Amino acid sequence: MKKPLTLFFTGLLCVHFLFAQTSALYLQTSEMNHQMVQYDADKGSLMRFYATSNPMESRGQVSGYNSPERRQRLLQLIADNLKQLEQAEFDKMNINGKVDYVLFKRNLEDEQYKLQQEQKSYDQIVRFLPFSDRIYTLVKPRARGLSVNAQEVAKEMDGILKAVMQANEKLKKEEGVEQQLATLASEAVKGLQGVLKSYYAFYNAYDPQFSWWIPKTYSSLDSELDTYAKGLLGKGQPNSTQKDDGSGIIGKPIGREELIRQLKLEFIPYTPEELTEIANKEFAWCDAELLKASVEMGFGTDWKAAQEKVKNSFVAPGQQPQAMLELYEQSVAF
């Protein structure tokens, strides 16, 4: 029995050695590998630590909504990585490292821009969240696993409940909010619901004092927040220069500046106007070729009839081979 075991462990060592060698070779292909992998790991940790939902309850999926604290921590992480890139010796990298450097820097700057824009939008709706700081302060001990004074928590939660009720009453007098901002405000309230739910689930049924003081107040607060989130969403009003074309879908143009930014992000060295000019030239060429083919097929300038002929030349399911051959010969003749 010793020989099979020896062979097994020998094979295992060989696999481990080959894996180590392969990993080492991969790491050598790009000087940026370590920083990129570290960034992904750090970002994942921040997303989970400051999540507004419990990943265990959502099958490992972390909510895409960024709380103010998570947004600031992500911005700091990006700034640290951009600073690290400034110190990298780009000219000494191999081609793989240079490509990774350019793409990684592009992605970091794009994420940074989106988070900054998100913060600007949040600043416009923070007036609807006068109780948010109190909630985030309340739940902070949960993320660090600290014990809490249940009686004081109940008192603070009751105060937050009254603040949300006042906000609900004030919202009824609000005429309307731009749709995008209303959606963001609603998501922010749902985010607050999420952190409170995680906070409650962490202490309830574990701390007897917490289970005595909190459940009723928490239930009322959660219900009030839910009403408020729906109310905010209901106040949303479309604010777009695009008119309804009958489809019921009204888009929101991003504007020339953002379009240029996205073109640069994809390394497209053209302005929107230049792309439109190129497209018009290509369409003109297509139209000319379409008319040329139509004339050759004997339809003159009636290119629609020519297209119908080509379309009807395709074989329908169930046709006999002879019929298929005849249709093919007819199409070739034209």
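For the structure, check the block above.
The rules behind each value
Residues numbered from 1 in each chain as written. Predicted model: local features only at pLDDT ≥ 70, side-chain atom pairs only at ≥ 80, totals over all residues. Heavy atoms only, no water. Patch = residues over 30% accessible without salt bridge, like charges linked within 9 Å, V, L, I, M, F, W, Y side chains within 5 Å. Areas by Shrake-Rupley, 256 points an atom, 1.4 Å probe, with all protein chains shown as cover. Salt bridge = Lys/Arg side-chain N within 4 Å of Asp/Glu carboxyl O. Helix = DSSP H or I, 4+ residues; strand = E, 2+ residues; numbered from the N terminus. Axes fitted to C-alpha atoms, helices over the stretch in contact; angles between N-to-C directions. Parallel < 35°, antiparallel > 145°, perpendicular 65-115°, else oblique. Contact = heavy atoms within 4.5 Å. Phe/Tyr/Trp six-rings, centres within 6.5 Å; stacked < 30°, edge-to-face > 60°. Buried < 20%, exposed > 50% of the residue type's maximum accessible area, 1.4 Å probe, protein only. Left-handed = near helix turned anticlockwise from the far one by under 90°. Nonpolar A, V, L, I, M, F, W, Y, C, P; charged D, E, K, R; others polar.

Kindly report on a nonpolar patch on the surface, identifying the contributing residues and their values.
Taken together, the side chains of Phe90, Ile95, Val99, Val102, Leu103 and Phe267 define a hydrophobic patch exposed on the protein surface, amounting to about 500 Å² of accessible area. For Leu103, the position within the fold is in helix H4 (residues 95–125).

How would you sum up the packing of helix H2 (residues 33–49) against helix H3 (residues 68–86)? Please name residues and give values.
Between two packed helices, what matters for the description is the angle formed by their axes and the separation of those axes. It is the contact of H2 with H3, at a shortest axis distance of 10 Å, that shows an interaxial angle of 170°. Classified by the angle between their axes, H2 and H3 sit roughly antiparallel to one another. For the pair formed by H2 and H3, the contact residues are Gln35, Tyr39, Asp42, Lys43, Leu46 and Met47 on the first element and Arg70, Arg73, Leu74, Leu77, Ile78, Asn81, Gln84 and Leu85 on the second.

How would you explain the packing of aromatic side chains if you had to name every residue and give the values?
All told, the structure shown has ten aromatic pairs when counted by the stated rule. Ring plane angle 70° and centroid distance 5.7 Å describe the contact between Tyr39 and Phe104, whose orientation is recorded as edge-to-face. Of the two residues, Tyr39 is situated in helix H2 and Phe104 in helix H4; the sequence distance between them amounts to 65 residues. Each member of the pair, Tyr39 as well as Phe104, is classed as buried. Both rings, one in Tyr199 and one in Tyr203, keep their centres 5.2 Å apart while their planes meet at 65°; by these two values the pair is edge-to-face.

Outline unusual backbone geometry, listing residues and values.
Peptide bonds are, in most cases, trans, and in most cases residues other than glycine have a negative phi. Positive phi is not limited to glycine here, since Ala205 has a value of about 70°. In this structure, Ala205 sits in the loop between helix H7 (179–203) and helix H8 (208–213).

Describe the packing of H2 against H4, and please don't skip the residues or the numbers.
Running from N to C, H2 and H4 point in directions that differ by 25°, and their axes come no closer than 11 Å. The orientation of H2 with respect to H4, classified from their angle, is roughly parallel. Crossing handedness for the pair H2 and H4: left-handed. For the pair formed by H2 and H4, the contact residues are Gln35, Met36, Tyr39 and Lys43 on the first element and Asp100, Phe104, Leu108 and Glu111 on the second. A per-class count over the contact of H2 with H4 returns four nonpolar, one polar and three charged.

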